[in-house]
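So the chains spell out like this:
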Amino acid sequence: MAVVWLDDVRAADLDTVGGKAASLGELTAAGLPVPPGFVVTAGTYRTFIEEAGIDEELFAAVDVDSEDSAALAEAHERAHELIMETELPEPVREEIVDAYRTMGDDEEAFVAVRSSATAEDLPDASFAGQQETFLNVTEEDLLHRVKECWASLFSQRAIYYRNQKGFPHREVDIAVVVQQMVDAEKSGVMFTSHPSTGEPRIIIEAAWGLGEAVVSGAVSPDNYVIDRESGDVEEVTVAEKKVMHVKSETGETVERDVGEDRRDRQVLTEAEIDRLVELGRRVEDHYGTPQDVEWAIADGEVYMLQSRPITTISEEATAESNGGDAGDGDHLLTGLGASPGVASGAVRIVTKLDHLDQVSEGDVIVTEMTMPDMVPAMKRASGIVTDEGGMTSHAAIVSRELGVPAVVGTGNATRTLSDGQLITLDGDKGTVREGREDEDVEEREPIEEARPKTPVKPMTATEVKVNVSIPEAAERAAATGADGVGLLRMEHMVLSLNQTPERYIEREGVRAYVDQLVQGIRGVAEEFYPRPVRVRTLDAPTDEFRQLEGGENEPKEHNPMLGYRGIRRSLDRPDVFEHELEAFRRLFEMGYDNVEIMFPLVNDAEDVVRARNLMEDAGVDPEKREWGVMIETPASALCIEEMAAAGIDFASFGTNDLTQYTLAVDRNNENVADRFDELHPAVLELIESTIETCRDLGVDTSICGQAGSKPRMIRFLVEQGVSSISANIDAVRDVQHEAKRVEQKLLLDSVR
Ligand code: PEP
Ligand code: MG
């Protein structure tokens, strides 16, 4: 039998119907309101490939080196072609079409067709997101869509993922769920327990229209917190819901603006909340574990579309931060506390890169300034101390991401300290003392086990994202529960090649260069999928390029910060820039539709239009992809209206540069460091007017400069209505709390 009805499916049928369908069958059996449907079993797919004799060819085609993106693309194409061009046997066609006809009144009944892979319950379950969903399918397209679902087992992402995890391709089968569409008026998600703490609180997110808008993050939904025991509604946050997804006359899912009257209106009525809570309790009771449920409401009926166990509840209440007060011993040095925590260890002075292998586990690196090549050694170190640099320097950014305590800008650490000397540094206070204070200092957590300081992830209408500068930090960044990456810097990926892009291309070829970029970005995009990852095109000043091989060809500049960097360099060298854009095109082809493109240091619409045109030339469709700019110069803030007209989706404040250029204060110059003030009224005015214009024009705003981690800036931005805030890894949880507090206050003020 090619198909089974959901009514007849149970959890134990996982192997034949896949995780998604097994869960729907369970829900149906538990008497929960699931839209009717059937499953084209995994066995049907298996028989199809075996009887048609394409199985061996298929598995051979996808047995490729997945770090070779061209080979990966070819593998995907061949697998797709094999499946799509092989005819379905007549009895199977008939059975599927008959089942469809039984379900609807006529051949126009709209169904959702979704893949349900039999291995999707692998412990590392982001796998689940790797297959297809087609909405509003009718008889005409049904069989084609079923095959598309089968072929989606061999998307570039899926092939890559299985190769990475060492999971054999031939052991994964795929079933397909065909289920009646719910033409939802309202929809969203529900956590039957608190998603971080596991407390008995039901959290509901709700928006107008079809659920894709909530799941894909296209809209900020309303948020409801309900005491699961008493059913009391404890908190309601009504968000501004600008858009909704609806079914068009032709059956496609399209985005529409929400009418003024409903934008700020609460989506759920009391009765609907009660009904959802009742269903939430039942579903959690049924499974015995907290669930993450997708739901929809149509014609007054509440339907459950999907239920999965919540995997984000942390085991421990909290992880201790690195240490307490380190005492009052005399300071050997003071500088800026750039990465929090207290660490002790033996000094390892690094003046040249070839000293790096002398850095052993637990040593403290002492250097003039850190460089991209030092990252492997920085990971081994217990702490980092530098002579130079401010809070936005390479050393500060990278140590924060690695979770290694750091003190930067001490002026003379490399001369004051000596090799082997035992010291203790305090990355909060910015001090370095003689001796080891290990008795007070807990072991630093291994990087992959870092947990937010407080376990509760507050639901905020303002999205809280995280900044990532080194792909190695992706896992730690994703573990913060951030809503995505607000800034992924590309510099590190390029500078760590230790050659200028031009030299690298000369030696290794274009393909190798693009592969490097694809690999660096993909690591982060995969870790966060489907949360968005905003990748900034290259923005390294010439003084950083000069230190690399090939750097002798860089122009000598008196003021590199005012010079040949960011989009200026990219527009001037389209022959190099096109390779970055090519990397984006490949990532989109591979299925990383969560990647967004951001252009740095633009000044005006001309910069933006030229960048957009190059993007188009490289085969990236600006209409289909999310792309935008950084607001880092006063000019860009003042020209925002014209830039918006060029089609940007977002504008993100790079306050490190915006402050530097507004106040004429070099961000790396310790002599004027006390004048570097991101909260200066002039900087705030530029931000305020930009947000106001962007709100009028429907452009999202964000911050990805260092100041996004500061409470006063957060307060200011949330009050102005910024769409998202991107913070340092270690600040994400605090930013979530601060944003939530300000949102609550604004709500209270509005009703008082
Ligand atoms: C900024 O300028 O604020 C920013 C985020 O970019 P970078 O620090 O990389 O210049
Ligand atoms: Mg900048």
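Rules used throughout
Position numbers for residues count from 1 along each chain, tracking the sequence in the order it is written. As a convention, the first chain written is A and the first ligand written is 1, with the rest following in written order. Only residues with pLDDT of at least 70 are given local features in this predicted model, and only at 80 or more are side-chain atom pairs given and counted; all residues enter the totals for whole chains, interfaces and linings. Excluded from the side-chain calculation are hydrogens and water; included are all heavy atoms of the structure. Note that the domain bounds reflect an automated or database-derived domain assignment. It only takes one pair of heavy atoms within 4.5 Å for two residues to be counted as in contact. Simply put, the buried area is the total loss of 1.4 Å probe accessible area from both parts when two parts are fitted together. Any Lys or Arg side-chain nitrogen located within 4 Å of an Asp or Glu carboxyl oxygen qualifies as a salt bridge. Polar contact is defined as a pair of N or O atoms within 3.5 Å, subject to the rule that within protein one atom must be able to donate a hydrogen and the other to accept it, and that residues adjacent in sequence are counted only when both atoms are side-chain atoms. Secondary structure counts use DSSP, requiring at least four H or I residues in a row for a helix and at least two E residues in a row for a strand, with both numbered from the N terminus. Note on residue categories: nonpolar means Ala, Val, Leu, Ile, Met, Phe, Trp, Tyr, Cys or Pro, charged means Asp, Glu, Lys or Arg, and polar means any other residue, Gly included. Here a residue is near a molecule or strand as soon as one of its heavy atoms is found within 4 Å of it. Shrake-Rupley sampling with a 1.4 Å probe provides the accessible areas, and residues are treated as covered by the protein chains on show and by no other component. Strands are labelled as partners when DSSP assigns at least two bridges between them. Simply put, an axis is a line fit to the C-alpha atoms, just over the touching stretch for a helix, and the angle between two N-to-C directions goes from 0 to 180 degrees. Think of the donor list as every N, O and S atom within 2.8 Å of the metal, or within 3.2 Å for Na, K and Ca; water never makes the list, so a site can look incomplete. Throughout this description, the term nonpolar core refers to a set of buried Ala, Val, Leu, Ile, Met, Phe, Trp, Tyr and Cys residues connected via side-chain atoms within 4.5 Å. Only protein chains enter the accessibility calculation, which uses a 1.4 Å probe; a residue whose area is less than 20% of its type maximum is buried, one above 50% is exposed, and one in between is partly exposed. Our working definition of a disulfide is a cysteine sulfur pair at a distance within 2.5 Å.

**Focus on the domain arrangement of the protein**
Link 1 in the chain: The domains assigned to the protein are domain 1 (3-180), domain 2 (186-309), domain 3 (326-443) and domain 4 (463-751).
Link 2 in the chain: Using C-alpha coordinates to define each centre, domain 3 is positioned 28 Å away from domain 4.
Link 3 in the chain: Each partner contributes to the interface: domain 3 provides 15 residues, whereas domain 4 provides 20 residues.
Link 4 in the chain: Both sides of the domain 3 and domain 4 interface together cover about 1600 Å² of buried area, and 53% of this is carbon and sulfur.
Link 5 in the chain: For the interface between domain 3 and domain 4, the tally reads zero salt bridges.
Link 6 in the chain: Between domain 3 and domain 4 we count five residue pairs in polar contact (both at pLDDT 80 or more) in total.
Link 7 in the chain: For the side of domain 3 that touches domain 4, the secondary-structure elements that each account for two or more residues are helix 11 (375-380) and helix 12 (394-402).
Link 8 in the chain: For the side of domain 3 that touches domain 4, the residue count by class is eight nonpolar, three polar and four charged.

**Overview of the site of ligand 1**
Link 1 in the chain: For ligand 1, the set of nearby residues contains 13 residues, the closest of which are Arg 489, Arg 536, Gly 654, Asn 656 and Arg 667.
Link 2 in the chain: Residue Gly 654 places a main-chain N or O atom 3.3 Å away from an oxygen atom belonging to ligand 1.
Link 3 in the chain: Taking Thr 655, its main chain carries an N or O atom lying 3.0 Å from an oxygen atom of ligand 1.
Link 4 in the chain: Expressed as a share of its isolated accessible area of 290 Å², the protein-covered part of ligand 1 is 95%.
Link 5 in the chain: Counting residues per element, the shell around ligand 1 draws most heavily on helix 24 (residues 655-663), at three residues.

**Structural notes on the sheet that holds strand 18 (residues 383-386)**
Link 1 in the chain: Strands sit in the order 14-21-20-16-17-18-19-15 across an open sheet of eight strands; the sheet is mixed. A strand with exactly one partner marks an edge of an open sheet, and here the two such strands are strand 14 (331-334) and strand 15 (336-339). Between one strand and the next, the sheet's axes are offset by a mean angle of 30°, whatever the strand orientation.
Link 2 in the chain: Direction of pairing for strand 18 relative to strand 19 (residues 406-408): parallel, over a ladder of two bridges. Following the sheet pairing, Ile 384 is matched in strand 19 by Ala 406.

**Examining the sheet that holds strand 26 (residues 627-631)**
Link 1 in the chain: Strand order around the closed barrel formed by eight strands is 22-23-24-25-26-27-28-29, with parallel pairing between neighbours. Neighbouring strand axes in the sheet, compared pairwise and without regard to direction, differ in orientation by 30° on average.
Link 2 in the chain: Sheet analysis places strand 25 (residues 595-599) next to strand 26, joined by three bridges and oriented parallel. Its bridge partner lying in strand 26, Phe 599 is registered against Val 629.
Link 3 in the chain: Seen against the sheet, helix 27 (residues 732-751) touches strand 22 (463-468) and strand 29 (724-727) and runs at an angle of roughly 155° to strand 22.

**So, the coordination of the magnesium ion (ligand 2)**
Link 1 in the chain: Here the magnesium ion (ligand 2) is held by the protein donor atoms Glu 632 (OE) and Asp 657 (OD), which lie 2.0 Å from it. On the criterion of sequence distance, the pair formed by Glu 632 in the loop between strand 26 and helix 22 (634-638) and Asp 657 in helix 24 is long-range, its members being 25 residues apart.

**Quick look at the nonpolar core**
Generally speaking, a soluble globular protein has its nonpolar side chains buried in company with each other.
Link 1 in the chain: Judged by nonpolar contacts, the single largest core of 150 residues is most densely connected at Trp 150, Phe 154 and Phe 584.
Link 2 in the chain: Top contributing element to this core by residue count: helix 17 (residues 510-528), with eight residues.
Link 3 in the chain: In this structure Phe 584 touches Met 490, Ile 521, Val 535, Thr 537, Val 595, Glu 596, Ile 597 and Val 620, once residues within four positions along its chain are discounted.

**Remarks on the environment of Arg 489**
Link 1 in the chain: Relative to the helices and strands, Arg 489 resides in the loop between strand 23 (485-488) and helix 15 (491-495).
Link 2 in the chain: Not counting residues up to four positions away in its chain, the partners in contact with Arg 489 are Ile 397, Val 468, Ser 469, Arg 536 and Asn 656.
Link 3 in the chain: Within the structure, Arg 489 has its side chain in polar contact with the side chain of Ser 469 (distance 2.9 Å).

**Topic: helix 2 (residues 42-51)**
Link 1 in the chain: What helix 2 keeps buried is the set Ala 42, Thr 44, Tyr 45, Arg 46, Phe 48 and Ile 49.
Link 2 in the chain: The first or second residue beyond helix 2 is Gly 53, which carries a positive phi of 75°.

**Structural notes on the state of the cysteines**
Link 1 in the chain: As enumerated under the stated definition, the model contains zero disulfides in all.
Link 2 in the chain: Residue Cys 694 stays outside any disulfide, its sulfur separated by 12 Å from that of Cys 639, the closest cysteine.
Link 3 in the chain: There is no disulfide at Cys 704, and the cysteine sulfur nearest it, in Cys 694, is 13 Å away.

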